[in-house]
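Each chain is listed here by its residues.
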Amino acid sequence: LEVAHAALGLTKSGVVNAFVQWFGRSHVALIVIGQVSNFDSSVGAHWMVSVMYVAWALADLVRYPHYVGGLLGASPRWLEWLRYTLFIPLYPIGVAGEVTAIWLAMPAVKAHDLFSIALPNVYNQSWSYYRFLAVGLAVLYPVLFSKLYLYMFKQRAKRLGGGAKPKVN
């Protein structure tokens, strides 16, 4: 719903940022942990995965009431401060948990060739989920994490004030 809310203008989030956030969390929770842990139970049982879920929950406990308050035009200043401050530790913690889960899942994905499509097939196309995860960890996560994290800092400065800007002569 978060992506739809952004698309409909119910929240001030961008559609692309909302989609990236939703896809990342859903992929890790439903596929990496939900499915791959059937082949390797250590994926979902790792302590960092529990920490990730706590970080996600704490962020959402603040984010969604803030969204509702914004829709009603009555979001308290302290809630806005929490919304644009708690992400500073929680976002990297959540991403670290996602990366840990993916890293732990990769050996099982490779060993069982999970969610991959081999040639030959009707479509004459192949797909390696293992490679998708490897590229995701090596390229997508660092790029998208930095983009979204820096975006949140810009939002924080806009919403809470960025301090006095130095005068340039």
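Scroll up to find the structure.
This is a predicted model, so every value here is computed, not measured. Along each chain, the written sequence defines residue order, and numbers are assigned to residues from 1. The model is predicted, so local features are restricted to residues of pLDDT at least 70 and side-chain atom pairs to those at 80 or more, both for listing and for counting; the totals for chains, interfaces and linings are taken over all residues. Side-chain figures throughout are based on the complete set of non-hydrogen atoms in the structure, without hydrogens or water.

S.K.: Hey, could you run me through the overall build of the chain in this one?
M.R.: The secondary structure content of the chain amounts to seven helices and zero strands. Each helix is a run of H or I in the DSSP string that is no shorter than four residues. Each strand is a run of E no shorter than two, and both are numbered from the N terminus. The helix and strand sequence of the chain, counted from the amino end, reads α-α-α-α-α-α-α. The principal-axis extents of the C-alpha atoms in the chain amount to approximately 60 × 35 × 35 Å. In this scheme, a residue with accessible area under 20% of its type's maximum is buried, one over 50% is exposed, and one in between is partly exposed, where area comes from a 1.4 Å probe on protein chains only. Expressed as a percentage of the 169 residues in the chain, the buried residues total 34%. Within the chain, residue pairs in contact and separated by at least 24 positions form 70% of the contacts whose partners lie at least 6 positions apart. With an accessible surface of roughly 10,500 Å², the chain has 69% of that area assigned to carbon and sulfur atoms. Contact definition: two residues touch when any of their heavy atoms are within 4.5 Å. Residue exposure ignores everything except the shown protein chains as possible cover, and the areas themselves are Shrake-Rupley values with a 1.4 Å probe.

S.K.: Just checking my understanding: could you explain the packing of aromatic side chains for this structure?
M.R.: Two descriptors summarise a pair of aromatic rings, namely the distance from one centre to the other and the angle between the planes of the rings. Only Phe, Tyr and Trp rings take part, Trp by its six-membered ring, and two of them pair if their centres are within 6.5 Å. Stacked means planes under 30 degrees apart, edge-to-face means over 60, and tilted covers everything else. Enumeration over the complete set of coordinates arrives at 13 aromatic pairs. Where Trp-127 meets Phe-132, the ring centres are 5.4 Å apart and the plane angle is 45 degrees; that geometry is what we call tilted. We classify Trp-127 as partly exposed; its relative accessible area is 38%. When the ring of Tyr-149 is compared with that of Phe-153, the centres are 5.0 Å apart and the planes differ by 85 degrees; the resulting orientation is edge-to-face.

S.K.: Which parts of the structure should I look at to understand the packing of helix H2 (residues 15-33) against helix H4 (residues 47-72)?
M.R.: Angle between the axes and distance between the axes are the two parameters that describe a pair of packed helices. Axis geometry follows a simple rule: fit a line to the C-alpha atoms, using only the stretch in contact for helices, then measure angles between N-to-C directions, giving values from 0 to 180 degrees. At a closest axis distance of 13 Å, the pairing of H2 and H4 adopts a crossing angle of 145 degrees. Two packed elements cross with a definite hand, and for H2 against H4 that hand is left-handed. Across the interface between the two elements, Arg-25, Val-28, Ala-29 and Ile-33 from H2 touch Val-49, Met-52, Tyr-53, Trp-56, Ala-59, Asp-60 and Arg-63 from H4. Each residue receives one of three labels: charged for Asp, Glu, Lys and Arg, nonpolar for Ala, Val, Leu, Ile, Met, Phe, Trp, Tyr, Cys and Pro, and polar for the others, Gly being one of them. When grouped by side-chain class, the residues that make up the contact of H2 with H4 number eight nonpolar, no polar and three charged. Crossing handedness: left-handed means the near helix sits turned counterclockwise from the far one by under a right angle, and right-handed means the same turn made clockwise.

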